[in-house]
Amino acid sequence: MNLGKRLYDLQQIDLDLEKKTEALSQVESQLSHNEALTEARAEVERKREDLAELEKKEITAEWVVDDLEAKAGPLQEKLYAGSVKNPKELMSLQHQVEQLKSQIREEEDKTLEIMSQVEALRKEIASRAAEVKKLEEEWQKRREQLLVEQTELRTTIDVAKEKRDELAATVESAHLELYEILRARKQGQAVAGIEQGRCQGCRITLPVSELMRARMGELVQCDSCSRILYLG
Ligand SMILES: [Zn+2]
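Residues numbered from 1 in each chain as written. Predicted model: local features only at pLDDT ≥ 70, side-chain atom pairs only at ≥ 80, totals over all residues. Heavy atoms only, no water.

**Q** What am I meant to see in the pattern of salt bridges here?
**A** When the charged atoms of two side chains lie near each other, side chains of opposite charge can form a pair. Summed over all chains, the structure comprises 18 salt bridges. Notably, a salt bridge pairs D14 with R164, separated by 2.5 Å at the nearest N-O pair. With a gap of 150 residues between them, D14 in helix α1 (residues 3-32) and R164 in helix α3 (residues 87-168) connect regions that are remote in the sequence. Judged on exposure class, the residue D14 and its partner R164 are both buried. With a closest N to O distance of 3.1 Å, K20 and D16 form a salt bridge. Separated by 4 residues within a single helix, K20 and D16 lie in helix α1, roughly one turn from each other. One network of salt bridges, with partners in common, ties together D14, E18, R164, E180 and R183. (Salt bridge = Lys/Arg side-chain N within 4 Å of Asp/Glu carboxyl O. Helix = DSSP H or I, 4+ residues; strand = E, 2+ residues; numbered from the N terminus. Buried < 20%, exposed > 50% of the residue type's maximum accessible area, 1.4 Å probe, protein only.)

**Q** Help me out: how do you make sense of the nonpolar core in this one?
**A** Nonpolar side chains in soluble globular proteins tend to end up buried together. Ranked by internal contacts, the top residues of the largest apolar core, which has 35 residues, are L7, L10, Y179, V191 and I228. For this core, the elements supplying multiple residues, two or more each, are α1, α2 (35-81), α3, α4 (173-185) and β3 (228-230). No other element matches α3, which puts 12 residues into this core. Beyond its immediate sequence surroundings of up to four residues, I228 is in contact with L7, L178, Y179, L182, A190, V191, A192, L219, V220 and Q221. Grouped together as the second largest cluster of nonpolar side chains are 11 residues, L206, L211, C225 and L229 included. (Core = buried A, V, L, I, M, F, W, Y, C linked by side-chain atoms within 4.5 Å. Contact = heavy atoms within 4.5 Å.)

Structure below.
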């Protein structure tokens, strides 16, 4: 096989390897993050913490109501028992009872408000938790697909690397070095085909003498773009 052809084949393998390696790193990056799921889980966690706080507030609010009722009860009994005869004392007692009753109403309203917040938050957590479960199931499927892709890509890359090594072993090291230098400079396109007497890298028409040398299988570089020429 002539040198141009071998280097051209090497370039095909290298271009393919680059693509497959990039695809593998994308698959691996997808396998290591799932932002949607992580974020959804964190949100449920935050809401659960909020709920725990709110439940504590609910208990405290209920205690406040109980305390006020415990204070109001005996005063009310005293008031209705008719044992207080002094008008001034009676008015003061009535006033105290009224004040406590209004405080109780206020605190009961607060408790109800907290209870309805607790209820709403519980519903929201249940619905978010269901979303997380769905995301987990989807992720499980996606992960399995990605793992299959990862294995396939790794195998393809290993096979291509072996082929590359075999082919590279047939090329003199000086030629291989030139190929590598051009590959780095020409975005992977170190070797250009010749079609209708033109270099396919830069489209210039090549001198007949170079075409002949390329046909003989010698290493010929395009005068204009320096690429190694390959006549198929
Ligand atoms: Zn050229």
